[in-house]
Amino acid sequence: MNIADLRRSYSLETLSEHNVPDNPFQQFTHWFEEALRAHLYEPNAMALATANAQGAPSVRMVLLKGFDESGMVFYTNYESRKGGELDENPQAALLFWWAELERQVRIEGRISRVDPEESLAYFQSRPRESQLGAWASPQSRPIAAREVIEQNMAELESRFADQEALPLPPNWGGFRLVPAVFEFWQGRENRLHDRIVYTRTDAGWHTGRIAP
């Protein structure tokens with residue numbers, strides 16, 4: 001196999017700056033709902049790119065857990081690598097890739113922590129095993145073996161056996177990315193893709209096309 005020969009042509013849809021709403025959240029909602037209706041696998045999965053104080057980047061997949069005009073919300077261990085980098089350098093970028101729809105969405109903006117009350121409400125809505133897992137894992141830190149996590153889980157199951165609602169771990173909660181830029185990308189033939197960019201300004205959102 002020659003990797004250089006791997007290619008496909010995109011031709012499902014088009015995207016025009018003349019037919020999109022003025023508000024990028026409306027456009028994102030429209031595309032996200034189409035991804036849901038298409039029954040894509042984990043349509044809320046997104047790549048999260050961060051950088052530390054020295055500018056060294058890192059990226060990983062996380063799950064979008066809510067969005068509205070205030071921003072895009074995801075949850076994590078605040079003491080993880082991404083949590084530490086977001087505290088050091090509160091700028092980040094998100095990427096949604098919906099291959100079956102030949103679409104991607106890029107979002108850039110500033111990050112802040114979600115209020116503890118909002119984090120607690122989401123945390124206690126999760127399956128109990130996921131709640132215990134958040135308590136059990138010292139995310140991103142070296143451990144000797146998987147048995148360390150399994151032992152932590154066993155101890156926590158015993159510790160919280162009589163508690164119906166688990167408390168929020170002190171090192172766990174949400175981040176909200178407040179978008180400054182949205183880019184909506186629709187695959188087109190001959191790599192001449194449609195790319196529509198929204199940029200936040202003092203007067204509102206500016207919309208325009210950029211070259212593929």
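Higher on the page you've got the structure.
Residues numbered from 1 in each chain as written. Predicted model: local features only at pLDDT ≥ 70, side-chain atom pairs only at ≥ 80, totals over all residues. Heavy atoms only, no water.

Hey, could you go over the overall build of the protein chain for me, with residue numbers and the actual values?
A tally of helices and strands in the protein chain yields five helices and nine strands. Going residue by residue from the N terminus, the α and β elements of the protein chain occur as α-β-β-β-β-α-β-β-α-α-α-β-β-β. Each principal axis of the C-alpha distribution contributes one length, and for the protein chain these read about 60 × 50 × 40 Å. Sorting the 212 residues of the protein chain into buried and exposed places 41% on the buried side. Long-range pairs, those at least 24 residues apart, make up 65% of the contacts in the protein chain with a sequence separation of at least 6. Accessible surface, the protein chain as shown: approximately 12,200 Å² in total, 50% of it carbon and sulfur. Positive and negative side-chain charges in the protein chain, numbering 22 and 30 respectively, have mean positions lying 4 Å apart. (Helix = DSSP H or I, 4+ residues; strand = E, 2+ residues; numbered from the N terminus. Buried < 20%, exposed > 50% of the residue type's maximum accessible area, 1.4 Å probe, protein only. Contact = heavy atoms within 4.5 Å. Areas by Shrake-Rupley, 256 points an atom, 1.4 Å probe, with all protein chains shown as cover. Lys, Arg positive; Asp, Glu negative; His and termini not counted. Charge placed at Lys NZ, Arg CZ, Asp CG, Glu CD.)

So what's going on with the side chain of Ser80? Which residues, and what values?
Tracing the backbone shows Ser80 in the loop between strand 4 (71-77) and helix 2 (81-88). Within the structure, Ser80 has its side chain in polar contact with the backbone oxygen of Asn77 (distance 2.7 Å). A polar atom in the side chain of Ser80 sits 3.2 Å from the backbone nitrogen of Gly83. Excluding anything up to four places from it in sequence, Ser80 contacts Gln139 and Ser140. (Polar contact = N/O pair within 3.5 Å; in protein donor to acceptor, adjacent residues only side chain to side chain.)

Give me helix 5 (residues 146-159): which residues, what numbers.
For helix 5, with 14 residues, the first-to-last C-alpha span of 20 Å sits near the 20 Å given by 1.5 Å per residue. Within helix 5 the residues assigned to the buried category are Ile149, Met153 and Leu156. The buried side chains of helix 5 occupy one side of the element, clustering within an arc of 70° when seen end-on. Opposite the packed face of helix 5, turned more than 90 degrees from it, sit the exposed residues Glu147 and Ser158. The inward-facing, buried residues of helix 5 abut helix 4 (128-136). (Expected span 1.5 Å × (residues − 1). Arc of directions from axis to C-beta.)

Can you break down helix 3 (residues 116-125) residue by residue, with the values?
Here helix 3 has its buried residues at Ser119, Tyr122 and Phe123. Around the axis of helix 3, the buried residues are gathered within 105° of arc, so they sit on the same side. Turned more than 90 degrees off the buried face of helix 3, the exposed positions are Glu117, Ala121 and Ser125. Structurally, helix 3 contributes buried residues whose contacts are with strand 4, helix 4 and strand 7 (172-186).

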